[in-house]
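So the chains spell out like this:
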Amino acid sequence: MTENRRIKIAAIAFVTEFYESEGWSVALVERDKVGYDLICKRGEEKHNVEIKGTSGIQPQFIITDNELKQAKDDALFVLCVVFSALSNPTFERWTGVKLLQDFNFSPISYKAKLKK
């Protein structure tokens, strides 16, 4: 297992434990490629939670086009960034609106498709 995968798994476990400790029911949907990792529900409340894990303390991470689309279009979207995920985890949360206000986004890759 790669270091990045270990960080992601630890971050998901940390955020899941936090939400459950606050009385939320949590469903893992990471493999469904919906633009977030967890669906968290508590009564009428619902969060579609994307989780980013880091090994350090800097709020810097890769976000996919689908995740960014969710931040823009999904009023229930919440981003959780877990810092020091493998050692002494802490996290911060941003709604989609706040994420778009607080961060700059730069493309790091492009998909090339043959023109027809």
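Each remark here, short or long, concerns the structure printed above.
Predicted, not measured: the structure shown is a model, and the values here were computed from it. (Residues numbered from 1 in each chain as written. Predicted model: local features only at pLDDT ≥ 70, side-chain atom pairs only at ≥ 80, totals over all residues. Heavy atoms only, no water.)

Chemist: When you look at the packing of aromatic side chains in this model, what are you seeing that I'm missing?
Modeler: Each aromatic ring pair is summarised here by two numbers: the centre-to-centre distance and the angle between the ring planes. For the structure shown, the criterion picks out six aromatic pairs. Arranged with centres 5.2 Å apart and planes meeting at 80°, the rings of Tyr19 and Trp24 form a pair that is edge-to-face. Across this residue pair, the class does not change: Tyr19 and Trp24 are buried. Considering the side-chain rings of Trp94 and Phe103, the 5.1 Å spacing of their centres and the 75° angle between planes classify their relative orientation as edge-to-face. Of the two residues, Trp94 and Phe103, neither departs from the other in class, the shared state being buried. One aromatic cluster in this structure is built from Phe14, Phe18, Tyr19, Trp24 and Phe91. (Phe/Tyr/Trp six-rings, centres within 6.5 Å; stacked < 30°, edge-to-face > 60°. Buried < 20%, exposed > 50% of the residue type's maximum accessible area, 1.4 Å probe, protein only.)

Chemist: Explain the pairing of strand 2 (residues 38–42) to me, please; I cannot follow it from the model alone.
Modeler: Across a regular strand the side chains alternate sides, sitting on one face of the sheet and then on the other. Direction of pairing for strand 1 (residues 25–28) relative to strand 2: antiparallel, over a ladder of four bridges. Of the residues in strand 2, the one forming a bridge with Leu28 is Leu38. Following strand 2, the chain reverses through two residues before pairing antiparallel with strand 3 (residues 45–53); Gly43 in that reversal takes a positive phi of roughly 60°. (Pairing = 2+ DSSP bridges. Helix = DSSP H or I, 4+ residues; strand = E, 2+ residues; numbered from the N terminus.)

Chemist: Would you take a moment to explain the pattern of salt bridges for this structure?
Modeler: Between side chains of opposite charge, a pair can form when the charged atoms approach closely. Overall, the coordinates contain nine salt bridges when judged by the stated rule. Arg6 is paired through a salt bridge with Glu3; the nearest N and O atoms lie 2.7 Å apart. Highlighted residues: Arg6 and Glu3, both in helix 1 (residues 3–21), separated by three residues, approximately one helical turn. Since its relative accessible area comes to 39%, Arg6 is described here as partly exposed. (Salt bridge = Lys/Arg side-chain N within 4 Å of Asp/Glu carboxyl O.)

Chemist: For this particular structure, what's the right way to read helix 2 (residues 65–73)?
Modeler: An α-helix turns once per 3.6 residues; consequently, residues spaced three or four apart project the same way. Those residues of helix 2 not exposed but buried are Glu67, Leu68, Gln70 and Ala71. Across the axial projection of helix 2, the buried residues extend over an arc of 155°, all falling on one side. Exposed and facing more than 90 degrees away from the buried side of helix 2 are Asp65, Lys72 and Asp73. (Arc of directions from axis to C-beta.)

Chemist: Which parts of the structure should I look at to understand the sheet that holds strand 3?
Modeler: Sheet strands pair via backbone hydrogen bonds, and the direction of the pair is either parallel or antiparallel. The sheet built from five strands is open, its strands ordered 1-2-3-4-5 with mixed pairing. Whereas interior strands pair on both sides, the edge strands pair on one side only; in this sheet they are strand 1 and strand 5 (90–95). In this sheet, neighbouring strand axes are inclined to one another by 25° on average, regardless of whether the strands run parallel or antiparallel. By the bridge criterion, five bridges tie strand 2 to strand 3 in an arrangement that is antiparallel. Note on strand 3: the bridge partner recorded for Lys41 is Lys46. (Axes fitted to C-alpha atoms, helices over the stretch in contact; angles between N-to-C directions.)

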